[in-house]
Every structure is written in C-alpha cells, then in structure tokens.
Amino acid sequence: MLVRSHYVHVNDPQLTEAKGLLAKLRRYDRLDVIYLVYGLMVVSAVVLSYFLGAFNLLPFDPEEMDLEAMMAPVFSNGHILGTDFMGRDLLSRLILGIQAYFLPGLLAITIALTIGSTLGVLAGYYGRRWDTGVTYFNNLLDSFPRLVLILLVVAAFKPNIYYIMMVVGLTNVPNIAALIKNKILFLKQKNFIESAIALGIPAPAIIFRHILWYNCRAVLVIQATLGMGEAILMETSLSYLGFGVQEPTPSWGNMVQAGSNYLLQGDFWPSTAPALFILLTILGFYLLGDALNNILEGKKSI
Amino acid sequence: MSPAPHLLIEDLHTYFYSSERHAFIHSVDGVDLSVAKGETLGIVGESGSGKSITMLSVMGLIQANPGVLKGRVTLQSKGGSVDLIPQIEDYVELENKDQSIVSVKKDTVSWRKHIERTMKSIRGKEISMIFQNPKAALNPFTTVGKQIVEMVRLHNPSETEKSAREKAMYWLERVKIDDPVNRFDAFPGDLSGGMCQRAMVAMALASEPSLLIADEPTTGLDATIQASIVQLLQELKTDLGITMILISHDISVISALSDKVAVMYGGQVVEHGPARDILEVKDHVKNHPYTKALLSSIPDEKNVLPNGHLKSIEGEVPDTIDVPCGCRFVERCNAYDAGLKTKCVNARPRLVNITPDHRVRCWLYQE
Amino acid sequence: MGAPLLQIKNLEKRFSKRGLLSSFGNAETVAAVDDISLYVNENETLGLVGESGCGKTTTGKMILKLATASAGQIIYDDIDITRMPEKDFRPYRSSIQMIFQDLDAALNPKMKIRDILKEAIKIHQKELNEEQVEARAKRLLELVNLKQSKMNSRPSELSGGEKRRVGIARVLAVEPKFIVADEPTSALDVSIQAQVVNLMQDLQKELGLSYLFISHDLPLVEILSHRIAVMYLGRIVETGKAEQIAKSPKHPYTAMLWSSMNHQPQSADKKAAELMNLDVERPKTGCRFAPRCPVFHSNGRPSVCTDPDNEPKLPVSQNDDHVVACHFPLNR
C-alpha cells in the first residue's frame, strides 16, 4: 500500500445518501474498487469463454494443424494470438483450455465449502466432542503434504483432473471449517446464538439463516474466489508437470509445457501467452477475493 | 496572581472521520480545562462525550485520523512550562465555514513523529495514565514486578537493579497488594481484576509523575473492589500530594475523590467548577440543566417519582457527528422557556463564569 | 395468591475443572450455583444481586435451559421443566424469555429492525398473515417508545439505548410472561439507564410480566424489585422484601455491598475496608463468606463459622419472609 503523508478529510455527509452503484462504490477505497472491477472482468471473461468452449464456438478448430502457419505471429492469417509449433490456433486452444479447470475447480470449491462449513458448524455450534473430532480431522489433513497426497491419488487412479481437484477441495476443508467455527464462536461470545435459541428459533433456521446466510456468506464468497484461483494454479502446475490434462486436449498448463520446448529457439510466444493468461486470471481471482473481503467485511483502509 | 495551573487545556479540538458517513466526528470540540497543582479534577460524562479522547489528546496517544487539530495544552513540569501540542498549526490546514471546520489537511506522519519526540520526556515521567480494564493494559507475558522495575528505571536510569527492585516492592506495598513478595513474581493473568488495577497504579506511580490521569479506573470491577480502589486513590492523593485527573461515568466515584469537577457533553465542557457546587444540587447554584438531569437520573431513592419511575433525561446520547448549530443539549433540555428557545437552538453558548471559579455553558446564565 | 409462577428448588450447576486428565475418573467439580432455592410470583420482580462470578447469570440461563442443571428442580407454572426435552420445552420458549447483557446479542447486524421483529413474531404465531405481522411489529415499536422510522434501520445505526429497546421489543414479540433480565442496563449510560428501567416498569404493569432482574447494582435493584435475593459465591445468602434488604440488611455481605455503593470514606472502620478489598477463593470448609466477614473477625473468629458441617443454610422462605444464611445476622 502507498503511504500517504497528508490526509485530507472533507465533511461531506451528502455522499452517504448517494444512490446508485457508482456512487456507492465511491465510498470504498479506490484500490479496492479497481481490484473488484478487474476481478469481475476476469471472472466474466472466464465464464463466457467456458461457454464458448463448451458450445464449440471457437474461431478455429483447436486441434486442426495448419502446417503452413507454424509459429505464426499475432494477427496473422486470422489467428488473433498466432499459432503454436504445430500450427494450431492459440486463442482457440486457450479458450478450450478453460474447460480443463473450470468444472474441476467448481468441484473443488463445492467440496471445500460444503464439507468445510458442515464441519465448522458441527465444531462451533455443537462443540464438545464434535469440536475435538473436527480438530483432529483438520490437524490430520493439515499435516499431510498436499502435493504428496495428489501424487498418491494420481498413482492410485489415473491422472484425472477431477480426482486431483477432489483432493484440492478436501485439503481446503480445514481452512474453511476453522473460519466458520471461529465466526460461530465469536457470535456465541456475544450471546447471539443463545439469544436466538431462547427466542425459540429452531436450530436449522439458526444455522442456515442466521449463521451461514447472514454472517458467513461474505466469508464463503471470498473463499470461493480464492479457491478458484488456487484450483487454477494447481491444475496448471500439475498439467505442466504432466500429471493433469493430457495432450492433445489443451490446458494452460500443458500449453506452457509444450511451448517451453521451443523457448531456446526464440519462439517464446506459444508458452508465454498461456503463462500470461494464467497469471492474469489467477491474479484476477485473488484480487477479487481481496477486494470482496475489504468491501463485504467492512475493512476499509484509512 | 494565582500560580499557573498544573495542566491547562485551551480550545482543544480533536476530530475523527467517519468514512461511512463522510463526516467529522467532533469528539473534542473546543475543550477548556484546568487543574491546579495537588488538586483532583473529576471529568464526568456519558459515552461519546469526549472525556477520554481529551486526555488521550493530552498524552499524544491519538492514533486515528485526523486527530488533534488545534488548541493549546500547557503543563507546568519540573523544568518549567511545556507546550504539549507544540506548533500544531504548522501541520494542519483548516478550512472554516460558519464557525465550523469543513475541511482538514494534516501531515499526520510528520505530526506523529513530532508529537512522539515531544512526549518522550513527558509520558511516565511527568504524566502517568491508568486505564479501564487493567488486565488488558498490563503485559501478560512479563511479571508484575518486572513491569514496575521498568517504570522505576524510566524515571531514574542510573538506578541499580537491586534498588530498583526495592523501589518496585515499595510501590507494591504502597498500593496495598496483599502478599507483595509473592505477587512480585506473579504474571498479570494470575491476579484478580482488583489486584491488576492496584499493580497498574503502582506502575503508574513508580516513575514518580506529578500528574496522574485515571481513565475509568473502577469500571468493570466488582462493587466491593471498586470501593477499595477508590479508597486507595484517596489515600495516595492525600499522602503523595499528586495532581490527579479522574475520568468516570460513575458520579459516586467522582464525588468521592474530586476537588473540582468538569461535566462534558457532546465533545464540550458544559460545566466546570468546585465539586460541592456541581455534585450537590442546590437551588441557589446555577447549574447546567444537563448536570442537574444527570444527577437526578442516578438510581437513588430521592430520584424516584411518585409513580415509581426514575427521573430520566429523554432522548439519546448524541453521536457528535451532526452537531446542532446551537447548544449541544438543546434537544434533551427542559430548562429553557419560549423566550430563550430561538437562542438555544441557533446560537452556541460560551463557557462563562458564574462565580470566579465556576463556569457554565448555558444561555440561562448569559446574555 | 396461588403457587408462584416460577419456583427453583435446590438448583445446582457444577462445572468440572478443565484439565488434561479430567476425562478420566472423577474430575474435581466447582459449583457455580450451589443449592439455591427461590421463587417469583406472578407480576412480580425478583432482584438477584451479586458480584461477577457469583453464579447469577448461570442461574438465569438454567431457567431458559441454555445451561443444563446439575441437580435440583425448576418449576414453571406448576410443571417441572428442569429435564424436559427441547421438543416439549418449545411451547415454553414463548413464555419464558431473556434479555441479555450484551446489547448486540439479539440483533443480527445484517438484518433490518423490521426483519428482526418479524422473525420473532412468526416463530410462535405462525397463523398470522404478512399484514398482521407488520402491524404487530409496529405495535411492538410503539410499546418500547421507538419511532416507526427505525423499522428500516440496521442495528449499527442505532444508539445503545435504542438497541436495548429493540432487544426488549424482540423479546416481547413472542408474548412472554416471565423475563430473565440479565444486567439489562449495565452497558448503558446513566441517563439512558433510567429510561430503560422506567420502560421495563411500564411494560410490567401493561402486560402483567414477571421479572428476574439480575444486576450488580444494588440501588437500581432496590428501586425496580419487589423482593431481592443476594448471592455470594454460588449461594443465596439473604432474601426478603426490597426495602428490608435495603434498610435493614441482616447478612454482613449485604451490608458490605451497600456501603461500597456509597464510596464514602470508611476510615472509622479500617478493618472492614481491608476485608472488602480481599478477594479470596471460597474456603474449603464452613461459611464461604467468613474470610471477608467483618462480624467473623470482630467476634474473635467463632469456630461455628468455619465448621465444615455447619455452613449456614438459608431457611425456606414463604410469604416473602426476610431470611438470612448467617450464624450471626446483623440486627439493625
């Protein structure tokens, strides 16, 4: 963060009454708003591209080799991002590459959020033995190196990205369980839950409406965006290493790997383009998570 | 001419900024206070009246922005008179409109460095402060004894380990911690709330300051423990002749200890004078309507109305963001008549002398 | 008058001392509430006074089954609710309510006041339609003297006093008969405290409520309560009509509490002041107040006070008698 020496404060109560999205955004730190907008752009681009790929609405067939135009530069022969070493259209392959992590990533998030919040609620709301059990479970998962676990799964089954993402999701469970548990303990400390019980609100309503919906939704959304970023990172690294998505199906990870063989010849683009995409996308998800954290949880700078 | 007061606060302004409402919180808005040497000043007020912020401003402990904006705080220290917020005008640019500040530009980073330099020779040495919730104010990882030794050495760095230890033990005995020999090596977590507050007092006094600021020293403690802390402060006050500023919302604590009393409301001092004139409602004394109302809302038999109700002040404690353009108390006041009303609503009363040492901020008593 | 609305008989709450080995064998237990009996009549306020940690809040929570009783009985409206399963207890949830010390306890920060009240109304009155619920919410705000415009506010926009009023309104939404008020004014400013106390008195008259008013503030309890029970380290040491407790306390602890409220210099009685300051753990044997008791010390430490088999017991009180658990009650 920038360190500002001079602070200027202006009495302007009208700003609070401001209606409309833009006016509301002005209330938050400018950097947060920039992160938010960028993150949302990335997310919508990813979702859009996913559907383009799913319905096969691509500029070129991603597996068609154009031997005339191997390593074509950007904007040549209609290839907007050029072609790779086999003359395949890079843009089409990049768009299709999203298929490799999109659904698996969602699976990872779903697993992490559902199991994580269930365990968090059990430990925080019911406490006692549940708490002990969940703590042991969390410690067990935490003490297991994640990469080893993934390699074990890959070895035991086959290098299927869904299996890997299940592991990624599962290893995120302790993190989310702890967050939810702490939130519940905080609410308990303020007699918030006792007061709901005393009023006669049934337990499911307390858990789902008061705890998860009203008090944890921000945490869950933030964890979902961060989880997606992490899933992409995991998928690309594993595909790069050859454990994830296998050629000829494109994935950003295996594209970087395949392209990197040609780096020494000076053809850096086929590997740099997917690497840039990885960077910008993961950054987008992380910054979105960060901005949401600041905006939804009300942690404003200044 | 009477000697200069030990601590003199003139026209102190400390504002904060509500980023939610994009407006200033007028926490301390033109406070004038003074305390003479050896005297105890009690500051009473409800939450948000600015009593703690005033003292934190004096100590240079304001962290949030923009903080102290203008004013003058003069301390008669051992080496002569010291300005505690020196050259504030060099760091702050204010834009005024209709007598109120609408925009502030403050070089907070340089100001903080500047104030830290100034206060280095003051904190602990000239002025000590004790806080509410002593358990939180003591370092939980160091023994009580070591923390007091540290303060002894702050006062006199040349002190040997042994004599500093002896002095620390003396202070522990002085604050009547029972079994001081064993408590010396105890950690704050092992002491009860009352013991911790005693240890805090010992720490504050160990550096032999001339002014002690006690911010809600009894709040949160049990009634019997409160009483004993009040008694301790009373004894220290008479034995050591120390000047004390006592902040509390508990009027019985204030009345037990104070010589002078200041009543704060909405960031301003509304009444300042001898304790007996302020805390005992007498017909011939011209008290501020807020003081009268506050005193009569204390749960006590004589404040119960025939229908079993307690006398109360209607309305809510103000939040000092939207300050009225007239008197701060006007919305809850029932003392003015139709003739005064326009004045009360539209013009700010000044703090004026009723008697030579009793000042009130109310249109009832001024032109 | 018939049987009291609420009766507590020999209620106990024990906590096991937490330790590494506590799950093995018989763990040492500490009694937070130790064999207490009390009753609250219809339309009456019983003040429960004591210092922090004396077990008064735990007592309140046991009545609402937010804490389970280790022994004893809680009888509400002639029915023993002590060990009733939650399913059967549900109907009672609407008639026994609690006001928590924490102003924010009842208020979900993300909900508007309207939704907070509506939710509470709908729990026990499912037959109401949306309009009726809205009308009832408006009526509740009126009852606690809040402006209708506060309906659309969120808890963070309210002052302390307003939060407390909303908390009371939410409790009233389920139409309770008996309310445990746990330090309802301790988080409030003096001027606001008086408003809330007055409101609680008005509501009692208007709706025929009974209160168990838990507080450490003896003068306040005296004004608000019909009867007072004084608690010390898990036990009730004295109970009687409010003016009896206030004017002629019999237990030395009650007298000490009273004198500490006034903060007058007690130079005349240095010894008493020192005892007041003492915070000791409960003695293993005999009267639990003995180490701090001025009577015990001035009477030359009579052995009856430290006799392990002779801890003073509170006589069973009927007809609002003034009773005390002390071997040497004060006579004023």
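Residues numbered from 1 in each chain as written. Chains lettered and ligands numbered in written order. Predicted model: local features only at pLDDT ≥ 70, side-chain atom pairs only at ≥ 80, totals over all residues. Heavy atoms only, no water.

**Some words on the overall build of chain B**
Argument step 1. Looking only at helices and strands, chain B features twelve helices and 14 strands.
Argument step 2. In terms of overall dimensions, chain B is globule-like: its C-alpha atoms have a radius of gyration of 21 Å, near the 21 Å expected for 367 residues.
Argument step 3. Across its three principal directions, the C-alpha atoms of chain B cover 70 × 55 × 50 Å.
Argument step 4. Burial statistics for chain B: of 367 residues in total, 56% are counted as buried.
Argument step 5. In chain B, once contacts between residues fewer than 6 apart in sequence are set aside, the share between residues at least 24 apart is 65%.
Argument step 6. Side-chain charges of chain B comprise 41 positive and 47 negative groups, with the mean position of each set lying 3 Å from the other. (Helix = DSSP H or I, 4+ residues; strand = E, 2+ residues; numbered from the N terminus. Rg over C-alpha atoms; globule rule 2.2 N^0.38 Å. Buried < 20%, exposed > 50% of the residue type's maximum accessible area, 1.4 Å probe, protein only. Contact = heavy atoms within 4.5 Å. Lys, Arg positive; Asp, Glu negative; His and termini not counted. Charge placed at Lys NZ, Arg CZ, Asp CG, Glu CD.)

**Quick notes on the overall build of chain A**
Argument step 1. Secondary structure assignment for chain A yields eleven helices and one strand.
Argument step 2. Expressed as a percentage of its 302 residues, the buried residues of chain A come to 48%.
Argument step 3. When the accessible surface of chain A is summed, it comes to about 15,400 Å², and 67% of that surface belongs to carbon and sulfur atoms. (Areas by Shrake-Rupley, 256 points an atom, 1.4 Å probe, with all protein chains shown as cover.)

**So, a nonpolar patch on the surface**
Argument step 1. Together, Leu-147, Leu-151, Tyr-240, Leu-241 and Phe-243 of chain A line one region of the surface with nonpolar side chains, adding up to about 450 Å² of accessible area.
Argument step 2. Elements represented by at least two residues in the nonpolar patch include exactly helix 6 (146–156) and helix 9 (203–241) of chain A. (Patch = residues over 30% accessible without salt bridge, like charges linked within 9 Å, V, L, I, M, F, W, Y side chains within 5 Å. Salt bridge = Lys/Arg side-chain N within 4 Å of Asp/Glu carboxyl O.)

**Some words on the sheet that holds strand 5 (residues 79–80) of chain C**
Residues and elements named next belong to chain C.
Argument step 1. Strand order across the open sheet formed by four strands is 2-1-4-5, with antiparallel pairing between neighbours. A strand with exactly one partner marks an edge of an open sheet, and here the two such strands are strand 2 (29–40) and strand 5.
Argument step 2. Bridge count between strand 1 (residues 6–16) and strand 2: eight bridges; the pairing is antiparallel. The residue bridging Arg-14 from the neighbouring strand is Ala-31, located in strand 2.
Argument step 3. The sheet contacts of helix 1 (residues 56–63) involve strand 1, strand 2 and strand 4 (71–76), and relative to strand 1 the element is tilted by about 115°. (Pairing = 2+ DSSP bridges. Axes fitted to C-alpha atoms, helices over the stretch in contact; angles between N-to-C directions.)

**Focus on helix 3 (residues 30–54) of chain A**
Residues spaced three or four apart along an α-helix point in a common direction, a consequence of the helix completing one turn every 3.6 residues.
Argument step 1. Taking 1.5 Å as the rise per residue, helix 3 of chain A with 25 residues should run 36 Å; its terminal C-alpha atoms sit 36 Å apart, in good agreement.
Argument step 2. With its phi angle positive at about 60°, Asn-56 of chain A sits one or two positions after the end of helix 3 of chain A. (Expected span 1.5 Å × (residues − 1).)

**Here we look at the packing of helix 9 of chain A against helix 11 (residues 269–296) of chain A**
Residue and element names in this part refer to chain A.
Argument step 1. Where helix 9 contacts helix 11, the axes come no closer than 9 Å and their chain directions differ by 165°. When the axis of helix 9 is compared with that of helix 11, the two are roughly antiparallel. Pair helix 9 / helix 11 crosses with left-handed handedness. Every residue of helix 11 that contacts helix 9 at Ala-218, Val-221, Ile-222, Thr-225, Leu-226, Met-228, Gly-229, Glu-230, Ile-232, Leu-233 and Thr-236 is listed here: Ile-278, Thr-281, Ile-282, Phe-285, Tyr-286, Leu-288, Gly-289, Leu-292, Asn-293 and Leu-296.
Argument step 2. Looking at the contact of helix 9 with helix 11 residue by residue, the classes come out as 14 nonpolar, six polar and one charged. (Parallel < 35°, antiparallel > 145°, perpendicular 65-115°, else oblique. Left-handed = near helix turned anticlockwise from the far one by under 90°. Nonpolar A, V, L, I, M, F, W, Y, C, P; charged D, E, K, R; others polar.)

**As for the confidence of the model for chain B**
Argument step 1. Residues with a pLDDT of 70 or more make up 99% of chain B, whose mean pLDDT is 87.
Argument step 2. Across the interface, the model reports ipTM at 0.82; the global pTM reads 0.83. (pLDDT = per-residue confidence, 0-100.)

**Regarding the interface of chain B and chain C**
Think of interface size as the accessible area that goes away when the parts come together; that is how it is often given.
Argument step 1. The interface of chain B with chain C comprises 42 residues on the first partner and 38 residues on the second.
Argument step 2. Regarding the contact of chain B and chain C, the summed buried area is about 3,100 Å², with carbon and sulfur atoms giving 51% of it.
Argument step 3. By the criterion of area lost to chain C, the three top residues of chain B are Thr-224, Pro-299 and Glu-316 of chain B, representing 20% of everything that side buries.
Argument step 4. For the pair chain B and chain C, the number of links is zero salt bridges.
Argument step 5. Taken together, the links from chain B to chain C amount to eleven residue pairs in polar contact (both at pLDDT 80 or more).
Argument step 6. When contributions to the side of chain B that touches chain C are tallied by element, the ones reaching two or more residues are helix 7 (193–206), helix 8 (223–240) and helix 9 (251–257) of chain B.
Argument step 7. For the side of chain B that touches chain C, the element with the highest residue contribution is helix 8 of chain B, accounting for ten residues.
Argument step 8. The residue inventory of the side of chain B that touches chain C, partitioned by class, reads 14 nonpolar, 15 polar and 13 charged. (Buried area = accessible area lost by both parts, 1.4 Å probe. Polar contact = N/O pair within 3.5 Å; in protein donor to acceptor, adjacent residues only side chain to side chain.)

**Side note on the nonpolar core**
Argument step 1. Ranked by size, the top nonpolar core spans 114 residues in total, and within it Ile-180 and Ile-211 of chain A together with Leu-140, Ile-168, Leu-172 and Leu-203 of chain C carry the most contacts.
Argument step 2. In terms of residue count, helix 4 (residues 90–126) of chain A provides more of this core than any other element does, 13 residues in total.
Argument step 3. Those residues in contact with Ile-211 of chain A that lie beyond four places of it in its chain are Tyr-125, Ile-184, Leu-187, Ile-193, Ile-206 and Cys-216 of chain A.
Argument step 4. Residues Ala-164, Leu-233 and Phe-329 of chain B together with Val-190 of chain C belong to the second largest nonpolar core, which totals 65 residues. (Core = buried A, V, L, I, M, F, W, Y, C linked by side-chain atoms within 4.5 Å.)

**Details of the pattern of salt bridges**
Argument step 1. All chains considered together, the criterion is met by 37 salt bridges over all chains.
Argument step 2. For Glu-216 of chain B, the salt bridge is made with Lys-51 of chain B, and the minimal N-O distance between the two is 3.8 Å. Here Lys-51 of chain B lies in helix 1 (residues 51–58) and Glu-216 of chain B lies in the loop between strand 9 (211–215) and helix 8, a separation of 165 residues in the sequence.
Argument step 3. Between Glu-44 of chain C and Arg-227 of chain C there is a salt bridge; the shortest N-O distance is 3.0 Å. Taken together, the residues span a long stretch of sequence, with Glu-44 of chain C in the loop between strand 2 and strand 3 (45–49) and Arg-227 of chain C in strand 9 (residues 227–232) at a distance of 183 residues.
Argument step 4. Residue classification places Glu-44 of chain C among the buried positions, given a relative accessible area of 7%.
Argument step 5. Residues joined in a network through salt bridges with shared partners are Arg-114, Lys-118, Lys-122, Glu-130 and Glu-134 of chain C.

**Considering the environment of Ile-193 of chain A**
Argument step 1. Along the chain, Ile-193 of chain A turns up in helix 8 (residues 192–199).
Argument step 2. Not counting chain neighbours up to four residues away, the residues in contact with Ile-193 of chain A comprise Tyr-125, Ile-184, Leu-187, Lys-188 and Ile-211 of chain A.

**Some words on the packing of aromatic side chains**
Aromatic ring pairs: the centre-centre distance and the angle between the two ring planes describe each pair.
Argument step 1. According to the stated counting rule, one finds 20 aromatic pairs over all chains in the structure shown.
Argument step 2. Ring centres 4.4 Å apart and planes at 55° place the aromatic pair Tyr-265 of chain B and Tyr-290 of chain B in the tilted group. Taken together, the residues span a long stretch of sequence, with Tyr-265 of chain B in strand 11 (residues 260–265) and Tyr-290 of chain B in helix 11 (residues 289–296) at a distance of 25 residues.
Argument step 3. Consider the rings of Tyr-265 of chain B and Phe-329 of chain B, whose centres lie 5.1 Å apart with planes at 85°: the pair is edge-to-face. Taken together, the residues Tyr-265 of chain B in strand 11 and Phe-329 of chain B in the loop between helix 11 and helix 12 (338–346) connect sequence positions 64 residues apart.
Argument step 4. Overall, the relative accessible area of 3% leaves Tyr-265 of chain B in the buried class.
Argument step 5. The cationic tip of Lys-65 of chain C hangs over the ring face of Phe-89 of chain C; the distance from NZ or CZ to the ring centre is 5.4 Å.
Argument step 6. Sitting over the face of the ring of Tyr-39 of chain C, Arg-227 of chain C holds its NZ or CZ atom 4.1 Å from the ring centroid. (Phe/Tyr/Trp six-rings, centres within 6.5 Å; stacked < 30°, edge-to-face > 60°. Lys NZ or Arg CZ within 6 Å of the ring centre and 35° of its normal.)

**Examining the sheet that holds strand 3 of chain C**
All names here are of chain C.
Argument step 1. Pairing within the open sheet is mixed, and its seven strands lie in the order 6-7-8-3-9-10-11. For this open sheet the edge positions go to strand 6 (96–99) and strand 11 (323–324), each flanked by a neighbour on one side alone.
Argument step 2. Pairing analysis gives two bridges linking strand 10 (residues 235–241) to strand 11, with the strands arranged antiparallel. Its bridge partner lying in strand 11, Glu-238 is registered against Val-324.
Argument step 3. Packing against the sheet, helix 5 (residues 160–172) makes contact with strand 6 and strand 7 (178–182), and its axis sits at approximately 170° to strand 6.

**So, the pairing of strand 6 (residues 92–97) of chain B**
Residues and elements named next belong to chain B.
Argument step 1. Sheet analysis places strand 6 next to strand 7 (residues 100–107), joined by six bridges and oriented antiparallel. If you follow Asn-96 over to strand 7, its bridge partner there is Ile-101.
Argument step 2. Hairpin connection from strand 6 to strand 7: two residues lie between these consecutive antiparallel strands, with Asp-98 at a positive phi of about 50°.

**With respect to the pairing of strand 3 (residues 40–44) of chain B**
Residue and element names in this part refer to chain B.
Argument step 1. Counted residue by residue, strand 3 has five buried out of five residues, so it is predominantly covered.
Argument step 2. Neither face of strand 3 is left uncovered, since the one carrying Thr-40, Gly-42 and Val-44 and the one carrying Leu-41 and Ile-43 both have all their residues buried.
Argument step 3. Examined bridge by bridge, strand 3 and strand 10 (residues 243–248) share five bridges and lie parallel to one another. Opposite Leu-41, over in strand 10, you have Ile-245 as the bridge partner.
Argument step 4. Summarising the sheet, strand 3 and strand 11 pair through four bridges and their orientation is parallel.

**What about helix 1 of chain C?**
Residue and element names in this part refer to chain C.
Argument step 1. The buried count for helix 1 comes to seven of eight residues, which makes it a mostly enclosed element.
Argument step 2. Turning to helix 1, its buried residues are Lys-56, Thr-58, Thr-59, Gly-60, Lys-61, Met-62 and Ile-63.
Argument step 3. Of the residues one or two after helix 1, Lys-65 is the one with positive phi, at around 55°.

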